Amino acid sequence: MAFTPKLLMVDPSHFEVSYVINPWMKPGAWHEDPAGHLRQAQACSAALHQSLVDAGADVVMAPGAPGLPDMVFPANAAVVLDRRAIVARFACDERRGEEELFLKLFRSYEARGLFDTVVQYPEGIFQEGAGDALWDDSRQQFWAGYGQRSAKASLQVTEDFFNVPVVPLELINPRFYHLDTCFLVLSGGEILYYPPAFSAEGKALIEGLAGKENVLEATDEDAAAFSVNAVNFGKQIVMARPPASLKARLEERGYRVRSVDLDPFILSGGGAYCMTLRLNRSSAAAAQKAAAE
Ligand code: ARG
């Protein structure tokens, strides 16, 4: 690995499932035992943190805020590449308050020299961060989801801001409302994806650009376990408890799969990838430039 991955997580003290903005969210189940679920969520978040550290990452913890329970999913906060960050515009009112807090956080990173540039998507152009823009290091491009939370118009903004190709993938199934719920890019160039979440054009683009030999199809069970929503760097993969067959398929390809119980967060429709944001992702061009300096 060129350098240690730095991953943002958000402290889960204010996490709860209190509204429904995706079909997985179960406020009824949460409110049967809010204190118990919160305790369990804290334990699960700590286990994810530990698992990422064991895999070799640096984890940076940011505070959450009361009334903004979904801040625990910082993947949605921004798209980050090459020390540049573009902060989200949330489609749902329930999450809109997160924008100014994340903007403030990233400006503080800018002030500390971690980022060179921090901007935000234009008003009215919804885009929900790295949840809908997955960097593909093998192909030097973003795969971008649209049609649920992110607007198609956001893709051009992403392309212009980072000056890299952005491949559009329409999401057609409300259960897979962010690209990261149904699509995972692996360091070896493989793509794990759940076909029923995509349009025919999307599936053709994935197979065409990735090459059939690199495409792994996730099963209904893999998708429902939120295991596709995984964190990968090098040969390490951290994911919500996968079905045994998925773990075996990934291990066959040489990956080390670390499984974490993330059930309280799945009650909100999120898994391991959603709960993190890679802060030091860089393209090959930027890495080369850095090496030459
Ligand atoms: N409850 C959150 C929402 O619906 C979950 C977000 C999960 N994040 C993700 N990147 N898939 O917005």
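Keep in mind the model is a prediction, meaning the values are calculated, not measured.

On to the overall build of the protein chain. Each helix and strand in the protein chain was counted, giving ten helices and 15 strands. Against the compact-globule benchmark of 19 Å for 293 residues, the protein chain has a radius of gyration of 18 Å, which places it among compact chains. Taking the intrachain contacts of the protein chain between residues at least 6 apart in sequence as the baseline, contacts between residues at least 24 apart amount to 70%. For the protein chain, the accessible area works out to roughly 11,700 Å², and carbon and sulfur atoms hold 51% of it. Within the protein chain, one finds 27 positive and 37 negative side-chain charges whose respective centroids are separated by 3 Å.

Here the focus is the packing of aromatic side chains. Applying the stated rule across the entire model yields 17 aromatic pairs. Arranged with centres 6.3 Å apart and planes meeting at 85°, the rings of Phe-73 and Phe-265 form a pair that is edge-to-face. Taken together, the positions of Phe-73 in the loop between β2 (58-62) and β3 (78-81) and Phe-265 in helix α9 (residues 263-266) put the pair 192 residues apart, joining distant regions of the chain. An identical accessibility class is assigned to Phe-73 and Phe-265; each is buried.

Look at Asp-82: it is not a glycine, yet its phi comes out positive at around 55°. Among the structural elements, Asp-82 can be located in the loop between β3 and β4 (84-87). Its identity as a non-glycine residue notwithstanding, Asn-163 has a phi of 60°, on the positive side. The residue Asn-163 is located in the loop between α5 (153-162) and β8 (166-170) in this model.

All chains considered together, the criterion is met by one cavity of 30 Å³ or more. Here the largest cavity is characterised by a volume of approximately 70 Å³. Looking at the largest cavity, it is lined by 13 residues, and the ones nearest its centre are Asn-22, Phe-73, Arg-95, Tyr-177 and Ser-268. Residues of the lining of the largest cavity, tallied by class, amount to four nonpolar, six polar and three charged.

This part takes up the site of the ligand. What surrounds the ligand is a group of 17 residues, the closest being Asn-22, Arg-95, Arg-149, Asp-180 and Cys-274. At 2.9 Å from a nitrogen atom of the ligand is found a side-chain nitrogen or oxygen belonging to Asp-70. A distance of 2.6 Å separates a nitrogen atom of the ligand from a polar side-chain atom of Asp-180. Isolated, the ligand exposes 350 Å² of accessible area, and the fraction of that covered by the protein chains is 100%. Of all the cavities here, the one that holds the ligand is the largest cavity. Broken down by class, the residue content of the shell around the ligand amounts to five nonpolar, eight polar and four charged.

Cut-offs and rules
- Throughout this description, residue numbers start from 1 for each chain and increase along the sequence as written.
- Given that the model is predicted, a residue must reach a pLDDT of at least 70 before its local features are reported, and side-chain atom pairs must reach 80 or more before they are shown or counted; all residues, however, enter totals for whole chains, interfaces and linings.
- Side-chain measures here rest on the full set of heavy atoms in the structure, leaving out hydrogens and waters.
- Working definition: helices are DSSP H or I runs of at least four residues, strands are E runs of at least two. Numbering for both runs from the N terminus.
- Values of the radius of gyration come from C-alpha atoms, whereas the globule rule sets the reference at 2.2 Å times the count of residues to the power 0.38.
- Contacts: residue pairs with any heavy atoms within 4.5 Å of one another.
- For the area figures, the Shrake-Rupley method with a 1.4 Å probe applies, and any residue is considered shielded solely by the protein chains shown.
- Counting rule for charge: Lys and Arg are taken as positive, Asp and Glu as negative, and neither His nor the chain ends is counted.
- In plain terms, the charge of a residue is placed at NZ if it is Lys, CZ if Arg, CG if Asp and CD if Glu.
- Under the pairing criterion, centres of Phe, Tyr and Trp rings, with the six-membered ring standing for Trp, must be within 6.5 Å; the plane angle then separates stacked pairs below 30 degrees from edge-to-face pairs above 60, leaving the rest tilted.
- Remark: exposure states derive from per-residue accessible area (1.4 Å probe, protein chains only) relative to the maximum for the residue type, with buried under 20%, exposed over 50%, and partly exposed in between.
- Using a grid of 1 Å spacing that covers the protein atoms alone, one calls a set of points a cavity when a 1.4 Å probe fits there but cannot get out, and a pocket when the set is open and has protein on both sides within 12 Å along at least five of seven lines; lining residues are those with an atom within 4 Å of a point.
- Grid points are joined across faces, edges and corners, and a volume is the space filled by probe spheres set on the points.
- Note on residue classes: Ala, Val, Leu, Ile, Met, Phe, Trp, Tyr, Cys and Pro are nonpolar, Asp, Glu, Lys and Arg are charged, and everything else, Gly too, is polar.
- Think of it this way: one heavy atom of a residue within 4 Å of a molecule or strand is enough to make that residue near it.
- Polar contacts, as counted here, are pairs of nitrogen or oxygen atoms within 3.5 Å of one another; within protein the pair requires one atom able to donate a hydrogen and one able to accept it, and residues that are adjacent in sequence qualify only if both atoms are side-chain atoms.
- Any molecule with more than half of its atoms within 2 Å of a cavity's or pocket's grid points is counted as sitting in it.

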